[in-house]
Amino acid sequence: MADRSEISEANSAALDNVLTTKADPTSARFEANMRFLADLMSQVRNEEETISEGGGQKAIDSQHGKGRLTARERIERLTDPETFFELGLYAAHRMYEEWGGAPAAGVITGLGRIHTRLVMIIANDATVKAGAFFPMTSKKVIRAQNIAIDNRIPTIYLVDSAGVFLPLQEDVFPDTDDFGRVFRNNAVMSALGIPQIAAIMGMCVAGGGYLPVMCDNLLMTDGSGLFLAGPALVQAAIGQKVSAEELGGAAMHSAISGTIDFREPNDEACIGRIRSIVEKWGYRRLSPWDRKKPVEPAYSAEEIYGIYDSSPARPYDMKEILARVLDGSRFDEYKPEYGKTLLCGYGRIGGFAVGVVANQKLHAQQTDHEGRKIMEFGGVIYTESAEKAARFIMDCNQNLIPLVFFHDVNGFMVGRDAEWSGIIKAGAKMVNAVSNSVVPKIAVIVGGSFGAGHYAMCGKAYDPRFVFAWPTARYAVMSGDSAAGTLVEIKVKQLERGGKKLSEDERKELYESVKRTYDEQTDPRYGAARLWIDKIIDPMETREAITQALEAAALNPDVPEFKVGVLQT
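Note that the coordinates shown come from a computational prediction; the quantities given were computed from them, not determined experimentally. (Residues numbered from 1 in each chain as written. Predicted model: local features only at pLDDT ≥ 70, side-chain atom pairs only at ≥ 80, totals over all residues. Heavy atoms only, no water.)

> Even after reading the chapter, I still don't get the packing of helix 5 (residues 135-151) against helix 6 (residues 179-191), so can you show me in this structure?
Direction vectors running N to C along helix 5 and helix 6 enclose 20 degrees, while the axes themselves pass 9 Å from each other. By the criterion of interaxial angle, the relationship of helix 5 to helix 6 is roughly parallel. Note on packing geometry: the crossing formed by helix 5 with helix 6 is left-handed. Contact residues: Ser-138, Val-141, Ile-142, Gln-145, Asn-146, Ala-148 and Ile-149 in helix 5; Phe-179, Arg-181, Val-182, Asn-185, Asn-186 and Met-189 in helix 6. (Axes fitted to C-alpha atoms, helices over the stretch in contact; angles between N-to-C directions. Helix = DSSP H or I, 4+ residues; strand = E, 2+ residues; numbered from the N terminus. Parallel < 35°, antiparallel > 145°, perpendicular 65-115°, else oblique. Left-handed = near helix turned anticlockwise from the far one by under 90°. Contact = heavy atoms within 4.5 Å.)

As structure tokens, then:
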């Protein structure tokens, strides 16, 4: 007699849930899409390489001259080979240019593995303004801590910072997402039982000194400094002359103040000690998310380049994307004949069971309540789509299934028919379900993510554990064309009220100027610079990025009770 697992596998094999493909790699459209996305990814990779150089070769040489490794060299030695998954690389991109810029906001954050254990790493980059904290530096550290809190990820801090960047102190010091929140999070994380290790491998001065001291384990290398006020400030404040080593060196903190737990001679020894400590940690209770052995998709991820089409005139089938992300390309579609512009269904990614909510870009024929055939536009959320998604999201919460949202949304449908059908009511229901979800939520912005559609699809304001974006993503209240048209009409009316009439050429020039500015702000790099996006990913690596996020989410076993409050009906 077959055992239960054999029966289950036999029954699964009989299901007709494997997505099929109609993609033609030999078509001109496929090849044009491939070239477009490959060129875009090449541009992103080149920018990422430049950002990764930090403060440049001269600053790197200066760090080496002090006998210290750079932040990236430290991370490379700390983590198991090829396991570092960087987050927030584009933070502060093209910002603070009047101060010479702050590549990656002067701090490197991301997930890595130490003796196979997943950790969050936060490392000051001393090659960028001596590791000083710009406004975006604080926000990036806090974002990394919040990811660690939400997912209960042990956190390692590699400290090498001159403290607050004083010319911008008013934007670094006082608010809830500024410098002080970092230390508050240290305390909260400790209370939650999230392990934290800090290693001082350079300077750690002023208020920044609280970060390492509030961690569970504190290491410090010889030649580093930990003090609330440096020698010059001490002399100015109280007239006392004292060397940096006597004031706050590793020997003093090891033998006299007792502040540090481990004194290490250099960076290499310090990193070795961290790895040794982590290797001895125990294991906590696993999360309830179901995971089986991963199965590769039936189709090549490389084909995503040819399938995705950013042109509104050439809609693509989102199921073709899912077929190259989901385990075995298997997808149990939920209500497939209803609300067709929004795909909902169950599958697995990296072995994890997931519920998928994805905008379908193909136009769909639908029958209304009076029996009329109507055409619904791809990428638009209609009343039926929103109602379907709301129920599906609640179902996933009921059955403890993490949610993955694939964005390519123009927004909700507008007009008399949409309003009469209760589009606002249905949209509110979907937003409610997303807002109150207790299972992990991961957002992948594939194309457009506009207006209230962005909210309903679990935008940043709705607490996704991670937000990833393809380089093709567009992120704004409306598309560039729509925004430019609206803004130009407003400007023209203002000018006409003042007695000036624009010629067609002037009107066109104004339109192009507004559109250029708006398009720049909808670019995913603009959003990533401001940490609206955690990582710009290669479309081919979508499955790997989601799997990383789900592995992080699996470290948190606590699931609150699911409640939605009052739903519109």
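Next comes the rest of the account.
> Would you mind showing me how to read the side chain of Asp-309 here?
Examined against the element boundaries, Asp-309 turns out to sit in the loop between helix 12 (304-307) and helix 13 (318-322). The exposure class assigned to Asp-309 is buried, which follows from its relative accessible area of 3%. One polar contact links Asp-309 to Arg-29, side chain to side chain, over a distance of 3.2 Å. A polar contact is formed between the side chain of Asp-309 and the side chain of Arg-314, at a distance of 2.9 Å. Among residues more than four places away in sequence, those in contact with Asp-309 are Arg-29, Asn-33, Arg-314 and Tyr-316. (Buried < 20%, exposed > 50% of the residue type's maximum accessible area, 1.4 Å probe, protein only. Polar contact = N/O pair within 3.5 Å; in protein donor to acceptor, adjacent residues only side chain to side chain.)

> Looking at this structure, I do not really get the state of the cysteines. What am I missing?
In a disulfide, the sulfur atoms of two cysteines are held together by a covalent bond. Taken as a whole, this structure holds zero disulfides when the rule is applied. Here Cys-396 is not cross-linked by a disulfide; its sulfur's nearest cysteine counterpart is in Cys-344, at 8.3 Å. Given the relative accessible area of 0%, Cys-396 is considered buried. Of the cysteine sulfurs around Cys-458, a residue in no disulfide, the closest is that of Cys-396, at 12 Å. When its relative accessible area of 0% is taken as the criterion, Cys-458 is described as buried. (Disulfide = S-S within 2.5 Å.)

> Help me understand empty space enclosed by the protein in this model?
The rolling of a water-molecule-sized probe over the atoms marks out the regions of remaining empty space. In this structure the tally under the stated criterion is three cavities of 30 Å³ or more. Of the pockets and cavities examined, the largest cavity occupies roughly 140 Å³. Taken together, 18 residues form the lining of the largest cavity, with Asn-124, Phe-133, Val-159, Ser-161 and Leu-211 sitting closest to its centre. As for the second largest cavity, its lining consists of Glu-48, Glu-86, Gly-88, Leu-89, Tyr-90, Ala-528, Ile-533, Asp-534, Lys-535 and Ile-536. Here the residues of the lining of the second largest cavity are counted per class, giving five nonpolar, one polar and four charged. (1 Å grid on protein atoms, 1.4 Å probe; cavity = no way out; pocket = protein on both sides within 12 Å on 5 of 7 lines; lining within 4 Å. Points joined across faces, edges and corners; volume = space filled by probe spheres on them. Nonpolar A, V, L, I, M, F, W, Y, C, P; charged D, E, K, R; others polar.)

> Even after reading the chapter, I still don't get the confidence of the model for the protein, so can you show me in this structure?
Reading fine detail from the predicted coordinates is not recommended where pLDDT is low. Summary statistics for the protein give a mean pLDDT of 92 and a share of 96% for residues scoring 70 or more. Throughout residues 1-8 the model reports pLDDT below 50, and contacts reaching past four residues in sequence, or to other chains, amount to one contact. (pLDDT = per-residue confidence, 0-100.)

> Help me understand the side chain of Thr-221 in this model?
By the secondary structure assignment, Thr-221 is in strand 6 (residues 217-221). Side-chain polar atoms of Thr-221 contact the side chain of Ser-224, separated by 2.7 Å. Apart from residues lying up to four places away in sequence, Thr-221 is in contact with Ile-200, Met-201, Gly-202, Ala-250, Glu-264, Asn-266, Asp-267 and Cys-270.

> How should I be thinking about the pairing of strand 15 (residues 403-409) in this particular structure?
Moving residue by residue along a regular strand, the side chains alternate between the two faces of the sheet. Counting buried positions over the seven residues of strand 15 gives seven, a clear majority of the element. Burial along strand 15 is two-sided: the face carrying Leu-403, Phe-405, His-407 and Val-409 and the face carrying Val-404, Phe-406 and Asp-408 are both buried. For strand 11 (residues 352-359) and strand 15, the ladder comprises four bridges, and the chain directions are parallel. If you follow Val-356 over to strand 15, its bridge partner there is Val-404. Here strand 15 runs beside strand 17 (residues 441-450); their pairing, made up of six bridges, is parallel. Its bridge partner being in strand 17, Phe-406 is matched across the sheet by Val-444. (Pairing = 2+ DSSP bridges.)

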